[in-house]
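# Survey of secondary and tertiary structure
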Amino acid sequence: EAQVTQNPRYLITVTGKKLTVTCSQNMNHEYMSWYRQDPGLGLRQIYYSMNVEVTDKGDVPEGYKVSRKEKRNFPLILESPSPNQTSLYFCASSPWGARETQYFGPGTRLLVL
Amino acid sequence: QQQVKQSPQSLIVQKGGISIINCAYENTAFDYFPWYQQFPGKGPALLIAIRPDVSEKKEGRFTISFNKSAKQFSLHIMDSQPGDSATYFCAARINNQGGKLIFGQGTELSVKP
């Protein structure tokens, strides 16, 4: 089944404790992206990647890091989480020829205490 | 201005009624306008999309109306059903930024039986 998977789905952590949210897609998509969803703000792009080893900042990159060492994986790293990073996070992927059609993962709900 | 403004924030419609969600934009570099549907606990999924050279696109009970001169577009759901209850996001693609999507704030639709 073609899909984008994220782990973990739910995470409670404390301020300053490094964490990684994994994202993997099995559709051989070149383009991958991370979003955060907050009430009243919609989906805001954190980082995106055009292909392996090519990443760039989105609209709200502060406090986040990403890497793209393999085509299928695009982990999101929070080096020192803060309470304002409490949010619902989505990973998405799309083929290069149809980058406007993004396939989203199921989401990761993060609470930073 | 890269914003897409979406209204209303929430909408309650009776079964069989018409649901209308509106979006407005300023950036003339937007060249593709998708709508995403998100059910609780799931990631958004592409519902229907339109290009700016078309004034209307219909797929089943879902219709996008596009007014290029007014820089507005809207989603109409005819014969709304309880199964349509979800959050809807409009979006716009920037044509010179690698397929980047800018999302609206989201509309939570509830269709009452």
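Described below are features of the structure shown in this document. (Residues numbered from 1 in each chain as written. Chains lettered and ligands numbered in written order. Predicted model: local features only at pLDDT ≥ 70, side-chain atom pairs only at ≥ 80, totals over all residues. Heavy atoms only, no water.)

We now examine the layout of surface pockets. For the largest pocket, the calculated volume is near 560 Å³. For the largest pocket, the lining is made up of 27 residues, of which A:Gln37, A:Leu88, B:Gln38, B:Thr87 and B:Glu108 are closest to its centre. Among the secondary structure elements, those contributing two or more residues to the lining of the largest pocket are strand S4 (31–38) and strand S9 (87–94) of chain A together with strand S9 (86–94) and strand S11 (107–112) of chain B. By residue class, the composition of the lining of the largest pocket is ten nonpolar, twelve polar and five charged. Considered as a void within the structure, the second largest pocket measures approximately 290 Å³ in volume. Lining the second largest pocket are 17 residues; nearest its centre among them are A:Phe104, A:Gly105, B:Gly43, B:Pro44 and B:Ala45. Of all elements in the fold, only strand S10 (103–104) of chain A together with strand S5 (45–50) of chain B reach the threshold of two or more residues within the lining of the second largest pocket. (1 Å grid on protein atoms, 1.4 Å probe; cavity = no way out; pocket = protein on both sides within 12 Å on 5 of 7 lines; lining within 4 Å. Points joined across faces, edges and corners; volume = space filled by probe spheres on them. Helix = DSSP H or I, 4+ residues; strand = E, 2+ residues; numbered from the N terminus. Nonpolar A, V, L, I, M, F, W, Y, C, P; charged D, E, K, R; others polar.)

This brings us to the environment of A:Arg99. Residue and element names in this part refer to chain A. Within the secondary structure, Arg-99 is located in the loop between S9 and S10. Taking relative accessible area as the criterion, Arg-99 reaches 19% and is therefore assigned buried. Here the alpha-carbon distance between Arg-99 and Met-50, two residues 49 residues apart in the chain, equals 9.6 Å. (Buried < 20%, exposed > 50% of the residue type's maximum accessible area, 1.4 Å probe, protein only.)

It is common to give the size of an interface as the accessible area that goes away when the parts come together. With 20 residues of chain A at the interface, the matching set in chain B holds 21 residues. Both faces considered, chain A and chain B share a buried interface measuring about 1600 Å² in area, 52% of it formed by carbon and sulfur atoms. The three residues of chain A that bury the most area against chain B are A:Leu43, A:Glu100 and A:Phe104, which together make up 35% of that side's buried surface. Between chain A and chain B we count one salt bridge in total. With a closest N to O distance of 2.6 Å, B:Lys100 and A:Asp59 form a salt bridge. For the pair chain A and chain B, the number of links is four residue pairs in polar contact (both at pLDDT 80 or more). Those elements giving two or more residues to the side of chain A that touches chain B turn out to be S4 and strand S5 (42–51) of chain A. Top contributing element to the side of chain A that touches chain B by residue count: S5(A), with four residues. Classifying every residue of the side of chain A that touches chain B by side-chain character gives eight nonpolar, eight polar and four charged. (Contact = heavy atoms within 4.5 Å. Buried area = accessible area lost by both parts, 1.4 Å probe. Salt bridge = Lys/Arg side-chain N within 4 Å of Asp/Glu carboxyl O. Polar contact = N/O pair within 3.5 Å; in protein donor to acceptor, adjacent residues only side chain to side chain.)

Enumeration over the complete set of coordinates arrives at eight salt bridges over all chains. Three or more residues are tied together by salt bridges with common partners; here these are A:Arg36, A:Asp38 and A:Arg44.

Turning our eyes to something else, we now look at the sheet that holds strand S3 (residues 19–25) of chain B. Residue and element names in this part refer to chain B. Strand order in the open sheet formed by five strands is S1-S3-S8-S7-S6, with antiparallel pairing between adjacent strands. What marks the edges here is a single partner per strand, and that holds for strand S1 (4–7) and strand S6 (56–59). Within this sheet the neighbouring strands show an average axis-to-axis angle of 15 degrees, counted without direction. (Pairing = 2+ DSSP bridges. Axes fitted to C-alpha atoms, helices over the stretch in contact; angles between N-to-C directions.)

Residues and elements named next belong to chain A. On the surface, Ile-12, Val-14, Leu-111 and Leu-113 cluster together to form a nonpolar patch covering roughly 380 Å² of accessible area. Note that Leu-113 resides in the segment after strand S11 (108–112). Among the residues examined, Leu-113 registers a relative accessible area of 56% and is labelled exposed. (Patch = residues over 30% accessible without salt bridge, like charges linked within 9 Å, V, L, I, M, F, W, Y side chains within 5 Å. Areas by Shrake-Rupley, 256 points an atom, 1.4 Å probe, with all protein chains shown as cover.)

Here the focus is the packing of aromatic side chains. For the coordinates displayed, the defined rule picks out 18 aromatic pairs over all chains. The interplanar angle of 25 degrees and the centroid separation of 6.2 Å between the aromatic rings of B:Tyr25 and B:Phe66 together place this pair among those described as stacked. Within this pair, whereas B:Tyr25 is found in strand S3, its partner B:Phe66 is found in strand S7 (residues 62–67), the two being separated by 41 residues in sequence. Each member of the pair, B:Tyr25 together with B:Phe66, is buried. With centroids separated by 6.4 Å and ring planes inclined at 85 degrees, the aromatic side chains of B:Phe30 and B:Phe33 adopt a geometry described as edge-to-face. Given the relative accessible area of 4%, B:Phe30 is considered buried. B:Phe33 sits in the buried class, given a relative accessible area of 0%. Taken together through their ring pairs, the aromatic side chains of A:Tyr35, A:Phe90, A:Phe104, B:Tyr36, B:Phe89 and B:Phe103 make up a single cluster. (Phe/Tyr/Trp six-rings, centres within 6.5 Å; stacked < 30°, edge-to-face > 60°.)

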